[in-house]
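This is what each chain is made of:
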Amino acid sequence: MRKKASQYVLAVLLVSGLAASFLYSPSWMQLCYGLALFLLGMQCIEEGLHNVAGGKLAKWMEKSTATPLKGALFGMGATFVLQSSTLVSLLTIAFLSTGMIQLAGGIAIILGTNLGSTSGIWLLALAGQSVSLSPAAIPMLVFGIVIGFFNSKTKAIGRVLVGIALIFLGVDAIKEGFQAFGADMDFDKSQIGGMVEPLIFFVVGLLLTVVLQSSHATLILTLAALAGGQVSLMQAFAIAVGSNVGSSATTALVGMLGSDRNGQRLALAHVVFNLVTAALCLLLWWPLTRLVLLPGEWWGMSPLLQLAMFHTLFNLLGVAVFWKLQGCFAALLQRWLPDKAAEEVLLPENQAILAPRYLHENMLRADDTALVAIEKEVYHLGRASIEAMCHAIYVPNEAFYRDDSNEGKTLPAPTAPLELDATQVYERQIKPLYSAILDFAGKIDLEEKTQQEQLNRAFAATWQMVEMVKESKHLQKNMQRYLTGGGSAAERDYLRLRRHVFKTLRLFRRIGGMEAEAERNDLMQQLNVHTETLETFRGRVMVKLKNEELNGWQTSSLLNDINYARRIGRGALEILSLQNTQVTAEKVVDRPSEEVAG
């Protein structure tokens, strides 16, 4: 509550401050209006292209990382189309986190995004200060809105057109805002001198990009300020270098906090690349700037084109330095951020709430990554559910994971005291994970039938696993009663039932991790036969009742619990059949398989 209240207070203060500043300076309001249009246009383009691409994005990115050159070209092309190197970097981190691409391929894409980010500034510099983009923007805006009333595909294309139109209108508004704002802000006449001035404006570019979350927006402002005479060419050069470093700030934050180890490595790679490039640029400041200023004087280039040339030059410098070092760089990143040790046991003894591992917000940027994230989380839930069921029948996790070919025939007796805590385990460690999967899936809007079917299979597997855990909760009640203290006539039957459920879970785990189809089908048949043996068990219980070896109360308890054990076996078979369907579908579309069961 306190966090939400502080957020509301901060939002009110921000809106109030902006409103007051607009009343004080209409030119400042014009500048913010243009910037808002520009950022909204970028969002529209992103949404439209995302809907047009559908489920094809995964295939494109997988093919693009076959070689470093293809990866770099993909990064350049994607950044040119989306006009956001940060967005392409975050998408790459998402695909890397799901295992669809490798770290080396991700590094190549990052190198390409930095070169692709130079395209926008070239287009705007070529348009020039005297050219108004509004005449082209207005009909584009009208056409985009009109075709948006048709089907989903044309609506997505209309969204892209609206986005481009808003960017054009925003650029014109920014130029007008700077022209009106020029009398109040003029850094061109500052007398700082030396390398202090580039360092100051480098920091300005970095901070401005962090605030705006877009290096393109920073460069648009810089172009407008340069054309209006508010900043000098050398100051604009320094802002451009700072914007490159600032563009990796969002990537670093999302990558470090919302990704797995590989995603964190790529986020770090983006930061290191931009920092090294910026450091080299500042160290070679005099020769790099002369390489731009001298041709600019000879050929009569405008300051806008010289800024675009400088931006391209120092990005080329960074790519040239890192190109041959991609393999070494990837190995170094793995050394800096080694893989975390695999957990033998998921459920902690203190029954802390089990948090999701793969459902990061960044995964929602593409349908493909969101689906793979859900499938991995379902696998995580599967392991946790198996451990919860073992806990319910008083089998320690070490016994479950031990390599034992007899599948529980020598299962050790339960160790006292036997706690009745299966419900608490479910409430604190299974239900939160199940709820997180549902919440995450609710944020995905899928249009392709194959993707919807894939999500439905994941839902079905998730529901079955949760139901299996619930069945085990019922089993624990009578197991605690008849296995505590000894001497009960039903004790041997409950030990046998315990061994039966244990073998079911062992077979479930073994089959879920198999790839060989023949062996997998053979074990599934074994699991099916094993589940049906409960009918024989049920018959033996009835014989014991007839022979007065069990009373009516004990018999009713056993018959109910045999039914719960049967449901666990049937649930396991249902999940495995869903997994088989998923593997078959993936073979059809030539995609690597993902495990859905524990």
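- Under the annotation held in an unreviewed UniProt entry, the protein chain carries the name Na/Pi cotransporter family protein and is attributed to Neisseria weixii.
- The UniProt entry for the protein chain carries this comment under Subcellular location (unreviewed entry): "Cell membrane".

Focus: unusual backbone geometry
Line of reasoning, step 1. A cis amide bond links Ala 416 to the next residue, Pro 417, at an omega of -5 degrees.
Line of reasoning, step 2. A positive phi is found at Glu 548, a non-glycine position, where the angle reads about 65 degrees.
Line of reasoning, step 3. Its location among the elements puts Glu 548 in the loop between helix 22 (517-546) and helix 23 (552-588).
Line of reasoning, step 4. With relative accessibility at 72%, the residue Glu 548 sits in the exposed group.

Points about the UniProt feature "transmembrane region" (unreviewed entry) in the protein chain
Line of reasoning, step 1. Summarizing the sequence annotation, UniProt attributes the feature "transmembrane region" (unreviewed entry) to residues 73-97, 103-124, 131-150, 156-178, 199-227, 266-288 and 308-333 in the numbering used throughout.
Line of reasoning, step 2. Along residues 103-124, the helical share is 95% and the strand share 0%, with 33 Å between the first and last C-alpha atoms.
Line of reasoning, step 3. The straight-line gap between the two end C-alpha atoms of residues 308-333 is 32 Å; of that span, 92% is helix and 0% is strand.

Topic: the packing of helix 5 (residues 85-97) against helix 12 (residues 233-257)
Line of reasoning, step 1. Two elements in contact, helix 5 and helix 12, have axes whose closest approach is 9 Å; the angle formed by their N-to-C orientations is 25 degrees. On the basis of their axis angle, the class for helix 5 and helix 12 is roughly parallel. Of the two elements, helix 5 crosses helix 12, and the hand of that crossing is right-handed. Taking contact as the criterion, the partners of Ser 85, Thr 86, Ser 89, Leu 90 and Ile 93 in helix 5 are, on helix 12, Ser 247, Thr 250, Thr 251, Val 254 and Gly 255.
Line of reasoning, step 2. By residue class, the composition of the contact of helix 5 with helix 12 is three nonpolar, seven polar and no charged.

Things to note about the pattern of salt bridges
Line of reasoning, step 1. Evaluated as defined, the whole model comprises ten salt bridges.
Line of reasoning, step 2. Linking Arg 567 and Glu 471 is a salt bridge whose minimum nitrogen-to-oxygen distance equals 3.6 Å. A residue pair is termed long-range when its members are at least 10 positions apart, and Arg 567 in helix 23 and Glu 471 in helix 20 (residues 449-483) qualify at 96 residues.
Line of reasoning, step 3. As a salt-bridge pair, Asp 493 and Lys 544 come within 3.0 Å of each other at their nearest N and O atoms. With Asp 493 in helix 21 (residues 491-512) and Lys 544 in helix 22, this pair connects stretches of sequence that are 51 residues apart.
Line of reasoning, step 4. On the basis of relative accessibility, which here comes to 5%, the residue Asp 493 falls in the buried class.
Line of reasoning, step 5. Each of Glu 532, Glu 535, Arg 538, Arg 566 and Arg 570 takes part in salt bridges that share partners, so that together they form one network.

So, how was this worked out
- Residues numbered from 1 in each chain as written.
- Predicted model: local features only at pLDDT ≥ 70, side-chain atom pairs only at ≥ 80, totals over all residues.
- Heavy atoms only, no water.
- UniProt positions renumbered as here; feature names shortened; annotations may be inferred.
- Helix = DSSP H or I, 4+ residues; strand = E, 2+ residues; numbered from the N terminus.
- Buried < 20%, exposed > 50% of the residue type's maximum accessible area, 1.4 Å probe, protein only.
- Axes fitted to C-alpha atoms, helices over the stretch in contact; angles between N-to-C directions.
- Parallel < 35°, antiparallel > 145°, perpendicular 65-115°, else oblique.
- Left-handed = near helix turned anticlockwise from the far one by under 90°.
- Contact = heavy atoms within 4.5 Å.
- Nonpolar A, V, L, I, M, F, W, Y, C, P; charged D, E, K, R; others polar.
- Salt bridge = Lys/Arg side-chain N within 4 Å of Asp/Glu carboxyl O.

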